[in-house]
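Letter by letter, the chains look like this.
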Amino acid sequence: RKEVEQDPGPFNVPEGATVAFNCTYSNSASQSFFWYRQDCRKEPKLLMSVYSSGNEDGRFTAQLNRASQYISLLIRDSKLSDSATYLCVVINSGGSNYKLTFGKGTLLTVNP
Amino acid sequence: EAGVAQSPRYKIIEKRQSVAFWCNPISGHATLYWYQQILGQGPKLLIQFQNNGVVDDSQLPKDRFSAERLKGVDSTLKIQPAKLEDSAVYLCASRSSSTLLAGGLTDTQYFGPGTRLTVL
């Protein structure tokens, strides 16, 4: 089983749609979780952290289920500018080792 | 605050040639990472430095890849000799454990723009 697995995508949705991305991770001891966004031919950038209680940032909602080792990202009222690849990231740390493991990414295209 | 700098941005070489990439992290960031991102994949960690020491190089193909961060600031990643399957974007990232953003986020990495390597 891969360390981090995401929906393979791609997702093509119309403007205004709600879209959800799912991610699972294999290491139950993983401590922190993030969603990154990567635009075409650009570097990944942090979108938001994922907290056990769930967290929201505008149109974006992230959820974590530690028991199921499952992470999700929900985008409401999608905009053309949301078109990008969304990367699920899992952190394992100990001492000075702080390691990010990335999923393969899910490509989202929002159409007018 | 200046971001992570990388050079060159693009490199085309023939297989069996050597190539080197350079990274200058954000000032004061002790941790530096090199990632390889093959088209259609997420970034894969190659090596992590804490200051000038290697913390994790378990996924670095040591028969052909090497990296150093001699003074604990900038870093170079070398491939010698290159293979076709090394074609990828090589991303450098740095992290400060005390990073605190407006949204209360901590422990985040900042990526450089990457070097796109094509091996022919």
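This text follows the structure it describes.
Residues numbered from 1 in each chain as written. Chains lettered and ligands numbered in written order. Predicted model: local features only at pLDDT ≥ 70, side-chain atom pairs only at ≥ 80, totals over all residues. Heavy atoms only, no water.

(A) Highlighting the overall build of chain B. Counting secondary structure elements, chain B contains zero helices and 11 strands. Secondary structure elements in chain B, listed N-terminal to C-terminal, are β-β-β-β-β-β-β-β-β-β-β. Relative to the compact-globule value of 14 Å for 120 residues, chain B shows a C-alpha radius of gyration of 14 Å, a close match. The dimensions of chain B, computed from C-alpha atoms along their principal axes, are 45 × 30 × 25 Å. Counting only residues that meet the buried cut, chain B has 44% of its 120 residues in that class. (Helix = DSSP H or I, 4+ residues; strand = E, 2+ residues; numbered from the N terminus. Rg over C-alpha atoms; globule rule 2.2 N^0.38 Å. Buried < 20%, exposed > 50% of the residue type's maximum accessible area, 1.4 Å probe, protein only.)

(B) Summary view of the side chain of Thr31(B). Residues and elements named next belong to chain B. Mapped onto the elements, Thr31 comes out in strand β4 (residues 31–37). Assessed through its relative accessible area of 3%, Thr31 is described here as buried. At 2.7 Å, the side chain of Thr31 forms a polar contact with the side chain of Gln50. (Polar contact = N/O pair within 3.5 Å; in protein donor to acceptor, adjacent residues only side chain to side chain.)

(C) Structural detail: the nonpolar core. If you look at the biggest cluster of nonpolar residues, it comprises 23 residues, and the most contacted ones within it are Phe21(A), Trp35(A), Ile71(A), Leu73(A), Ile75(A), Tyr86(A) and Leu108(A). Of all the elements in the fold, those that place two or more residues in this core are β3 (19–25), β4 (32–38), β7 (60–65), β8 (70–75), β9 (84–94) and β11 (106–111) of chain A. Ignoring sequence-local partners within four residues, the contact set of Leu73(A) consists of Val19(A), Ala20(A), Phe21(A), Trp35(A), Leu47(A), Met48(A), Phe60(A), Thr61(A) and Tyr86(A). Counting 21 residues, the second largest nonpolar core, distinct from the first, contains Val4(B), Ile47(B), Ile79(B) and Ala82(B). (Core = buried A, V, L, I, M, F, W, Y, C linked by side-chain atoms within 4.5 Å. Contact = heavy atoms within 4.5 Å.)

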